[in-house]
Amino acid sequence: AFSERYHEEIANGQQWLSKVPLPCGAWGKSNRDQPRIPITALASALVPEAVDVAGLEWLANKWESDLAGSTQITYYGAFFLLAQAHEKAPAMDRLVDRTLTYLCKEQNENGGFGPWKEHPLGSDPWTTGVVLWGLSKFPQMVSKDVIDRAVKWLQTNQLPNGLWPYHYLDDGSSMALIGLSSVLPVLIES
């Protein structure tokens, strides 16, 4: 999408990013941080050239462990789905099915998503956007009703200025827009 003018800078950035994952192949917020599902999944979606199989396997294994644990976080599942769209992602069909089932059950009555169903703060635009983005990678496997209800929640909760109320206003609004734009093809086809 960028002109040739930035080709060298982009290549240098991709090269740098591919050299700085943690020993497990995943990324944290810094080289002193622990590996994190969101950071690794975002790298896989936004700079796929920098990601290798080790990072994708770490992410899948970490999510599978979290899904089997006592507390599951919806956006971790959505980020797992996002990473599964990477061409190098290991085939995890059963985990994808379990994740889709889990996410659909976690949708709040109002149509939005929070970190988990009935989270004390309720649905939020950031989590709803992340979940929509993840679900958009498997549209044939998700009930259109789940997507429609989440889109409706975002429409209903958008502020007059076009943003969404969220603690980090720009983060919440950005992720809501990414989620909406990701499911747009699903909405157009129906």
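Since the structure is predicted, the reported quantities are computational estimates derived from the model, not experimental observations.

A.B. asks: What's the story with the overall build of the protein chain in this structure? I'm lost.
C.D. replies: Assigned secondary structure in the protein chain consists of 8 helices and 0 strands. Secondary structure elements of the protein chain, listed N to C terminal, follow the sequence α-α-α-α-α-α-α-α. A globule of 190 residues ought to have a C-alpha radius of gyration of about 16 Å, and the protein chain, at 17 Å, matches this closely. Principal-axis analysis of the C-alpha atoms places the extent of the protein chain at approximately 45 × 40 × 35 Å. Counting only residues that meet the buried cut, the protein chain has 44% of its 190 residues in that class. Contacts in the protein chain between residues at least 24 apart in sequence constitute 59% of all its contacts with a sequence separation of at least 6. Of the roughly 10,500 Å² of accessible surface on the protein chain, 53% is carried by carbon and sulfur atoms. Considering the protein chain, the positive charge centre built from 15 side chains and the negative charge centre built from 21 side chains are found 3 Å apart.

A.B. asks: I tried to follow the nonpolar core on my own but got confused; where do I start?
C.D. replies: Across soluble globular proteins, you tend to see nonpolar side chains buried next to one another. Counting residues in hydrophobic clusters, the biggest one holds 47 residues, and the most contacted among them are F80, L81 and L135. Of all the secondary structure elements, the ones that give two or more residues to this core are α2 (37–46), α3 (53–68), α4 (74–84), α5 (93–106), α6 (125–135), α7 (144–157) and α8 (169–189). Once you skip the residues sitting within four places of it in the chain, F80 turns out to touch L59, A60, W63, M92, L95, V96 and T99.

A.B. asks: Explanation requested: the pattern of salt bridges in the structure shown.
C.D. replies: Note that side chains of opposite charge can pair when their charged atoms are close. Taken as a whole and judged by the stated rule, the model has 5 salt bridges. A salt bridge links D33 to R36; its shortest N-O distance comes to 2.6 Å.

A.B. asks: I tried to follow the packing of aromatic side chains on my own but got confused; where do I start?
C.D. replies: Aromatic rings considered in pairs are described by the distance between their centres and by the relative angle of their planes. Taken as a whole and assessed by the stated rule, the structure comprises 4 aromatic pairs. Ring centres of Y75 and Y76 lie 5.3 Å apart, and the angle between their planes is 85°; on these two criteria the pair is classed as edge-to-face. For Y76, a relative accessible area of 23% corresponds to the partly exposed category. Taken together, the ring pairs connect Y75, Y76, F79 and W126 into an aromatic cluster.

A.B. asks: Sorry if this is basic, but what is going on with unusual backbone geometry here?
C.D. replies: Most peptide bonds adopt trans geometry, and most residues besides glycine take a negative phi value. Phi angles above zero are rare outside glycine, and E118 is one such case at about 65°. Tracing the chain through its elements places E118 in the loop between α5 and α6.

A.B. asks: I'm lost on the environment of C24 in this one. Help?
C.D. replies: Mapping C24 onto the fold places it in the loop between α1 (7–19) and α2. For the pair C24 and R149, spaced 125 residues apart in the sequence, the C-alpha separation amounts to 37 Å. In this view, C24 contacts P35, A54, G55 and W58; residues no more than four positions away in its chain are not counted.

A.B. asks: Mind showing me how you'd approach α3 here?
C.D. replies: Each full turn of the α-helix corresponds to 3.6 residues, which orients residues three or four apart in the same direction. With 16 residues, α3 should cover 22 Å at 1.5 Å per step; its first-to-last C-alpha distance of 22 Å lies within 8% of that length. Taken together, the buried positions of α3 are G55, L56, W58, L59, A60, W63, D66 and L67. Between the side-chain oxygen at the start of α3 and the backbone nitrogen of A54 there is a gap of 3.1 Å, and the oxygen is on D52.

A.B. asks: I tried to follow the packing of α2 against α3 on my own but got confused; where do I start?
C.D. replies: The packing of two helices is summarised by the inter-axis angle and the distance between the axes. Where α2 meets α3, the closest approach of the two axes is 10 Å, and the angle between their N-to-C directions is 140°. Considered as vectors, α2 and α3 are oriented oblique to each other. In the crossing of α2 with α3, the sense of the turn from one axis to the other is left-handed. Note on element contacts: α3 touches α2 through G55, L56, W58, L59, K62, W63 and D66, opposite I37, T40, A41 and S44. Considered class by class, the residues forming the contact of α2 with α3 number 6 nonpolar, 3 polar and 2 charged.

A.B. asks: Please clarify how the environment of A11 should be interpreted in this entry.
C.D. replies: When you line up the elements, A11 lands in helix α1. Residues A11 and Y168, 157 residues apart in the sequence, show an inter-C-alpha distance of 30 Å.

Rules used throughout
Residues numbered from 1 in each chain as written. Predicted model: local features only at pLDDT ≥ 70, side-chain atom pairs only at ≥ 80, totals over all residues. Heavy atoms only, no water. Helix = DSSP H or I, 4+ residues; strand = E, 2+ residues; numbered from the N terminus. Rg over C-alpha atoms; globule rule 2.2 N^0.38 Å. Buried < 20%, exposed > 50% of the residue type's maximum accessible area, 1.4 Å probe, protein only. Contact = heavy atoms within 4.5 Å. Areas by Shrake-Rupley, 256 points an atom, 1.4 Å probe, with all protein chains shown as cover. Lys, Arg positive; Asp, Glu negative; His and termini not counted. Charge placed at Lys NZ, Arg CZ, Asp CG, Glu CD. Core = buried A, V, L, I, M, F, W, Y, C linked by side-chain atoms within 4.5 Å. Salt bridge = Lys/Arg side-chain N within 4 Å of Asp/Glu carboxyl O. Phe/Tyr/Trp six-rings, centres within 6.5 Å; stacked < 30°, edge-to-face > 60°. Expected span 1.5 Å × (residues − 1). Polar contact = N/O pair within 3.5 Å; in protein donor to acceptor, adjacent residues only side chain to side chain. Axes fitted to C-alpha atoms, helices over the stretch in contact; angles between N-to-C directions. Parallel < 35°, antiparallel > 145°, perpendicular 65-115°, else oblique. Left-handed = near helix turned anticlockwise from the far one by under 90°. Nonpolar A, V, L, I, M, F, W, Y, C, P; charged D, E, K, R; others polar.

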